[in-house]
Amino acid sequence: MTDNREGPTNPLVTAMLTDLYQITMTYAHWSNKRHEDDAVFELFFRKNPFNGEFTIFAGLDECLRHLNTFSFSDDDIDYLKTMPALQHCDPEFFVWLRNLDTTGVTVYAMRDGTMAFPR
């Protein structure tokens, strides 16, 4: 079977486009058996760009494309294993991370083109 999912238009947008804190917090949830619990992630901004008074929300399609193809490659996992902060991790965590599936994620978002204000 062929994988027809479209990823982000920028090939640099991968699961590794994160910081180590997010990975260590993922491990904390996994090791405490909370990785299957419902969770909420917010994306917001504090200041309008270019000294503007409002922002037009755009880019939801790229976010959904990223989520649609979100996965860690074998090379990603090998690299993460070299991080000092992750060297204490249970090896099964990396197996779980490699097989992570985002099909159960629900996204609630503004429509593209909606006026948005900083929080």
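A brief structural summary. (Residues numbered from 1 in each chain as written. Predicted model: local features only at pLDDT ≥ 70, side-chain atom pairs only at ≥ 80, totals over all residues. Heavy atoms only, no water.)

### Side note on the packing of helix α3 (residues 74–81) against helix α4 (residues 91–98)
What counts here: Between N-to-C directions, angles cover 0 to 180 degrees, with each direction set by a line fitted to C-alpha atoms, over the stretch in contact for helices. Only DSSP runs of H or I with at least four residues qualify as helices, and only runs of E with at least two residues qualify as strands; both kinds are numbered from the N terminus onward. Here the angle decides the label: under 35 degrees means roughly parallel, over 145 means roughly antiparallel, 65 to 115 means roughly perpendicular, and every other value means oblique. By convention the crossing between two helices is left-handed if the near helix lies anticlockwise of the far one by an angle smaller than a right angle, and right-handed if it lies clockwise. We call two residues contacting when some pair of their heavy atoms lies within 4.5 Å. Note on residue classes: Ala, Val, Leu, Ile, Met, Phe, Trp, Tyr, Cys and Pro are nonpolar, Asp, Glu, Lys and Arg are charged, and everything else, Gly too, is polar.
One can describe the packing of α3 onto α4 by two numbers: an axis separation of 10 Å at closest approach and a directional angle of 150°. It follows that α3 is roughly antiparallel to α4 by the angle criterion. Crossing of α3 over α4 shows right-handed handedness. Every residue of α4 that contacts α3 at D74, I77, L80 and K81 is listed here: F94, L97 and R98. Broken down by class, the residue content of the contact of α3 with α4 amounts to four nonpolar, no polar and three charged.

### Side note on the environment of L12
Within the secondary structure layout, L12 lies in the segment before α1 (20–31). Sequence separation of L12 and H88 is 76 residues, and the distance between their C-alpha atoms is 28 Å.

### Things to note about the nonpolar core
Here is the rule we go by: Residues enter a nonpolar core if they are buried and are Ala, Val, Leu, Ile, Met, Phe, Trp, Tyr or Cys, with the set joined through side-chain atoms within 4.5 Å. Each residue is placed in one exposure class: buried if its accessible area under a 1.4 Å probe, protein chains only, is under 20% of its type's maximum, exposed if it is over 50%, and partly exposed if it falls in between.
Formed by 13 residues in total, the largest nonpolar core has its most connected members in F72, L80, L86, F93 and F94. Those elements that provide at least two residues to this core are α1, α3 and α4.

### Regarding the pattern of salt bridges
Heads up, the rule is: Salt bridge, as used here, is a side-chain nitrogen of Lys or Arg placed within 4 Å of a carboxyl oxygen of Asp or Glu.
Counted by the stated rule, this structure contains three salt bridges. One salt bridge connects R65 with E6, and the closest N-O pair in it is separated by 2.9 Å. Taken together, the residues span a long stretch of sequence, with R65 in helix α2 (residues 60–68) and E6 in the segment before α1 at a distance of 59 residues.

### Re the side chain of T102
Here T102 lies in the loop between α4 and β2 (115–116). Residue T102 is classed as buried on the basis of its relative accessible area of 16%. Excluding residues within four positions of it along the chain, T102 makes contact with L67 and F70.

Read these as layout, nothing more, since geometry by itself doesn't imply function.
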